[in-house]
Number of protein chains: 2
Amino acid sequence: MKKAFLDYIHKLQEKITTSIEDIDGGARFKEDVWKRPEGGGGKSRILENGKVFEKAGVNTSAVSGVLPKSLEGYFNVKDSKFFACGLSLVFHPKNPMIPTVHANYRYFELYTSDGDLKDQWFGGGQDLTPFYLIEEDAKHFHEVCKSVCDKHSSNLYKVYKEKCDSYFWNHHRNESRGIGGLFFDYLKSNNNYKIEDWFSFVTDVGNSFLKAYLPIVKNRKDYKYSLNQKNWQEIRRGRYVEFNLVHDKGTLFGLKTNGRIESVLMSLPPKVQWVYNYIAKKNSEEERLIKVLQNPRDWTT
Amino acid sequence: MKKAFLDYIHKLQEKITTSIEDIDGGARFKEDVWKRPEGGGGKSRILENGKVFEKAGVNTSAVSGVLPKSLEGYFNVKDSKFFACGLSLVFHPKNPMIPTVHANYRYFELYTSDGDLKDQWFGGGQDLTPFYLIEEDAKHFHEVCKSVCDKHSSNLYKVYKEKCDSYFWNHHRNESRGIGGLFFDYLKSNNNYKIEDWFSFVTDVGNSFLKAYLPIVKNRKDYKYSLNQKNWQEIRRGRYVEFNLVHDKGTLFGLKTNGRIESVLMSLPPKVQWVYNYIAKKNSEEERLIKVLQNPRDWTT
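What comes next concerns the included structure. For clarity, every value in this text was computed on a predicted model and none was experimentally measured.

**A short note on the pairing of strand β5 (residues 100-111) of chain B**
Residues and elements named next belong to chain B.
No. 1: The buried fraction of β5 is high, at eleven of twelve residues.
No. 2: Summarising the sheet, strand β4 (residues 81-93) and β5 pair through eleven bridges and their orientation is antiparallel. Bridge pairing in β5 links A84 to F108.
No. 3: In this structure, the hairpin formed by β4 and β5 is closed by a connection of six residues.

See below:
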């Protein structure tokens, strides 16, 4: 399973970075290979200052070793070893009419201190963070998410869509980070699913990513935008930073397992603004976005 | 004591905002008065897009009520009431040759659920975050800090200077947020000091703030700088955000006590960049700064 999923995420990384370079047409990904002193390492690919993407990162990593003390409480175990691998991506487009996107597909194994496997699960998801709400795009993204879930079971989309809305809730702002998508974790073998079924599910979701996101990029990349709209994008990116640094468990995991800091924090946007007490104008497009973030909507009905 | 310190921070807020407006000569502070639903409130003063300061905030607040559950562990108490008041300021200058500065002077009381006072203490400090290291300025700031400490006791500066270096340590970057200053907390009555002595100490430190910072602003505000130097400032501001959102207990306290979010987060810089894996050139001024942040130095000997 480890080998199969590692193989999968490396191929997916290749496929996604190639497609993004194609559509960007300006910049190329640079690759950094890094090792974790305690075991494992990763391969980070970052594109900066492209024509379409201001910053895009697609990282794969596979880390292992003794589970750090600081994470024992989190998993409710003691004296364990672990293996974790996954692909994480965040794209920050230049044009504020294109949403920022995030995706993560990961696999985790826990062992006793003797190295016997005691638990294994998949996790991940994909979600969209628009700066301007183009309903057609929100629907398209969610419909792709739904159709890949429906292939596996008719109840999965509803559950993982709701988990996504609740996970990416930016508590201190009382609003969602974006308009969601899918979020799932602890996908373990049980009465209904074998671990191989979850492998099939998670890899299907990963395979749907480009189909969910690329058409949006293609349709919006040549839209005109004003300096005010660009400023709004940079202010909203501030909320993205706040979520990732204050609430995101993935970032926390990276910082606590002595992950490679630059890879963990590649999710942070290239240019960000904090304007004191910025309030969107009444009945503006900016206010319309905020309202949807405060009250997550159903996009597939 | 509550009344005396509240009175003090309001006067200090007035004095500091007036001085900053004078030296800025461009923008004025705007005041927001807010109330906390659970008790108390504050007065935020923010200046944006000035000639000298891109963003400057000087907040006072006095909050009280039942100590939130989420903070009981932090103070190691149960079923308590509290009162907290203080002044917080953060100035983000435009010119990267002027350091960012932060200061906080605060007073805290804990009560039993019946309202009997069971503990009281002062805390606070002031610290400098330069983008380029001008040694003369670092020395000046620390010398003012030292001389105000020495008035009260010859050992205070050393202790609070070291506490400052350790508090503002940006763990995940393995460097300090800035070049320090003073940091102190839990200043309680004991064999050597009455609570009134700490009142006198903390208010003396607050009174030294303008003397410590303004001469630096005056001396550097007309320095020329390049676009590269401005970019470096914005990249370093990213580290400031990381510290405040990941490690800072004051920010955490604000978020957990349902403080006014815009006032808690006024510390965040106006414009920030995250450039992937930015490494300062060998033997550059930028690298010289990093080296001092990695190895905090003694500035008064």
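**Description of the interface of chain B and chain A**
No. 1: With 29 residues of chain B at the contact, the number on the chain A side is 29 residues.
No. 2: Both sides of the chain B and chain A interface together cover about 2,600 Å² of buried area, and 58% of this is carbon and sulfur.
No. 3: For chain B, the biggest contributors to the area lost against chain A are E262(B), W274(B) and Y276(B); these three give 31% of the whole.
No. 4: The salt bridge partner of E262(B) is R173(A), with a shortest N-O separation of 2.9 Å.
No. 5: Looking at the side of chain B that touches chain A, the elements that each hand over two or more residues are β2 (40-48), α6 (227-247), α8 (261-264) and β10 (271-273) of chain B.
No. 6: Along the lines of polarity and charge, the residues of the side of chain B that touches chain A split into 15 nonpolar, five polar and nine charged.
No. 7: As judged from the three bridges shared by strand β10 (residues 271-273) of chain A and β10(B), these two strands associate in the antiparallel manner. Among the inter-strand pairings, K271(A) is bridged to a residue of β10(B), identified as Q273(B).

**Focus on the side chain of E21(B)**
Residue and element names in this part refer to chain B.
No. 1: Here E21 shows up in helix α1 (residues 2-24).
No. 2: Polar side-chain contacts of E21 include one of 3.1 Å to the side chain of R28.
No. 3: Those residues in contact with E21, other than ones at most four positions away along the chain, are A27, R28, F29 and L47.

**Remarks on the sheet that holds strand β4 (residues 81-93) of chain A**
Residues and elements named next belong to chain A.
No. 1: What the seven strands build is an open sheet, ordered β1-β2-β3-β4-β5-β6-β9; its pairing is antiparallel. Two strands in the sheet have a free side with no partner beyond their single neighbour: β1 (30-35) and β9 (180-187). Going from strand to strand, the sheet's axes swing by 5° on average, the running direction of each strand aside.
No. 2: Pairing between strand β6 (residues 117-129) and β9: six bridges, direction antiparallel. Note that in β9 the partner of F122 across the bridge is L187.
No. 3: Relative to the sheet, helix α5 (residues 195-220) contacts β3 (53-66), β4, β5 (100-111), β6 and β9, its axis offset from that of β6 by approximately 15°.
No. 4: Sheet strands touched by helix α6 (residues 227-247): β3, β4, β5 and β6. Its angle to β4, the strand with the most contacts, is close to 165°.

**What about the side chain of K230(B)?**
No. 1: Following the sequence through the fold, K230(B) ends up in helix α6.
No. 2: With residues up to four places along the chain from it excluded, the contact list for K230(B) reads E54(B), K94(B), P96(B), Y225(B) and R237(B).

**A word on helix α7 (residues 249-256) of chain A**
Residues and elements named next belong to chain A.
No. 1: Residues of α7 that are buried: T251, F253 and G254. Considered in projection along α7, the buried side chains sweep an arc of 160° and stay on one side of the axis.
No. 2: A positive backbone phi angle near 55° is found at N258, which sits one or two residues after α7.

Definitions and limits used
Residues numbered from 1 in each chain as written. Chains lettered and ligands numbered in written order. Predicted model: local features only at pLDDT ≥ 70, side-chain atom pairs only at ≥ 80, totals over all residues. Heavy atoms only, no water. Buried < 20%, exposed > 50% of the residue type's maximum accessible area, 1.4 Å probe, protein only. Helix = DSSP H or I, 4+ residues; strand = E, 2+ residues; numbered from the N terminus. Pairing = 2+ DSSP bridges. Contact = heavy atoms within 4.5 Å. Buried area = accessible area lost by both parts, 1.4 Å probe. Salt bridge = Lys/Arg side-chain N within 4 Å of Asp/Glu carboxyl O. Nonpolar A, V, L, I, M, F, W, Y, C, P; charged D, E, K, R; others polar. Polar contact = N/O pair within 3.5 Å; in protein donor to acceptor, adjacent residues only side chain to side chain. Axes fitted to C-alpha atoms, helices over the stretch in contact; angles between N-to-C directions. Arc of directions from axis to C-beta.

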